[in-house]
Amino acid sequence: GFQAINGIEPDGTISVVYPREGNSAAGGKNLTAHPEKAVREAFRRARESRAFTITPLVQLYQGGVAVATYAPVTDASGEIKGYMNGVLKILPMIESAIQKESDCDFSILQNGAVLFTSRHVSGKSDEGSSQEAAAAFRVALAAEDEVRV
């Protein structure tokens, strides 16, 4: 589930990080220079459209894989004063929503990379399978030059 809520300055700098524990590495970083193209693009779209945007699953500054949301914060005149950023770890939410005893196998993919699978891998439990799938996804992310949104 929930990873962090961050405050972002109009220039893209992460100025407020909550909770600090586990997320402090993101503080002071600028989203316009994020190593993930999908993050840079989602933030650019939020700036240009002045609307809520969301990334696909991406590597985080603080480590881990999650989706990030960006919502412009405006004053009464409509001037953007910054952005609210929500960070959600999707894989634990999927795992908690799925019954362990399922009568079907399925996988969730992003750009061809397996994000989650309910299948048993090499006799491992469902939990092991999804952890292995998450590790494979992290490798796929690292190998791609870009993640298409």
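Procedures and definitions
Residues numbered from 1 in each chain as written. Predicted model: local features only at pLDDT ≥ 70, side-chain atom pairs only at ≥ 80, totals over all residues. Heavy atoms only, no water. Helix = DSSP H or I, 4+ residues; strand = E, 2+ residues; numbered from the N terminus. Contact = heavy atoms within 4.5 Å. Salt bridge = Lys/Arg side-chain N within 4 Å of Asp/Glu carboxyl O. Buried < 20%, exposed > 50% of the residue type's maximum accessible area, 1.4 Å probe, protein only. Expected span 1.5 Å × (residues − 1). Arc of directions from axis to C-beta. Patch = residues over 30% accessible without salt bridge, like charges linked within 9 Å, V, L, I, M, F, W, Y side chains within 5 Å. Areas by Shrake-Rupley, 256 points an atom, 1.4 Å probe, with all protein chains shown as cover.

### Description of the side chain of Thr55
Consideration 1: Note on placement: Thr55 falls in the loop between β3 (53–54) and β4 (58–59).
Consideration 2: Filtering out sequence-adjacent residues up to four positions away, Thr55 remains in contact with Ala38, Val39, Ala42, Ala66, Val67, Ala68 and Tyr70.

### Focus on the pattern of salt bridges
Consideration 1: Summed over all chains, the structure comprises 4 salt bridges.
Consideration 2: Taking the shortest distance from any N to any O, the salt bridge between Glu41 and Arg44 comes out at 2.7 Å. Highlighted residues: Glu41 and Arg44, both in helix α1 (residues 37–49), separated by 3 residues, approximately one helical turn.
Consideration 3: Under the relative-accessibility criterion, Glu41 is labelled partly exposed at 26%.
Consideration 4: Its salt-bridge partner being Lys81, residue Asp75 comes within 3.8 Å of it at the nearest N-O pair.
Consideration 5: Residue Lys81 is classed as partly exposed on the basis of its relative accessible area, which comes to 45%.
Consideration 6: A network of salt bridges, in which partner residues are shared, links Glu41, Arg44 and Glu48.

### Examining α1
Consideration 1: Between its first and last C-alpha atoms α1 spans 18 Å; for 13 residues at 1.5 Å apiece the expected length is 18 Å, and the two agree.
Consideration 2: Buried residues of α1: Ala38, Val39, Ala42, Phe43 and Ala46, and no others. In a view along the axis of α1, the buried residues occupy a sector of 130 degrees, so they form one face of it.
Consideration 3: Immediately beyond the C-terminal end of α1, within one or two residues, lies Arg50, with a positive phi of roughly 60 degrees.

### Description of a nonpolar patch on the surface
Consideration 1: Judged by side-chain polarity, Phe2, Ile5, Tyr18, Val73, Met84, Leu88 and Met93 come together as a nonpolar surface patch covering roughly 630 Å² of accessible area.
Consideration 2: For the nonpolar patch, the secondary structure elements donating two or more residues are β1 (2–8) and β6 (80–88).
Consideration 3: Mapped onto the elements of the fold, Phe2 is located in strand β1.
Consideration 4: By relative accessible area, which is 48% here, Phe2 ends up partly exposed.

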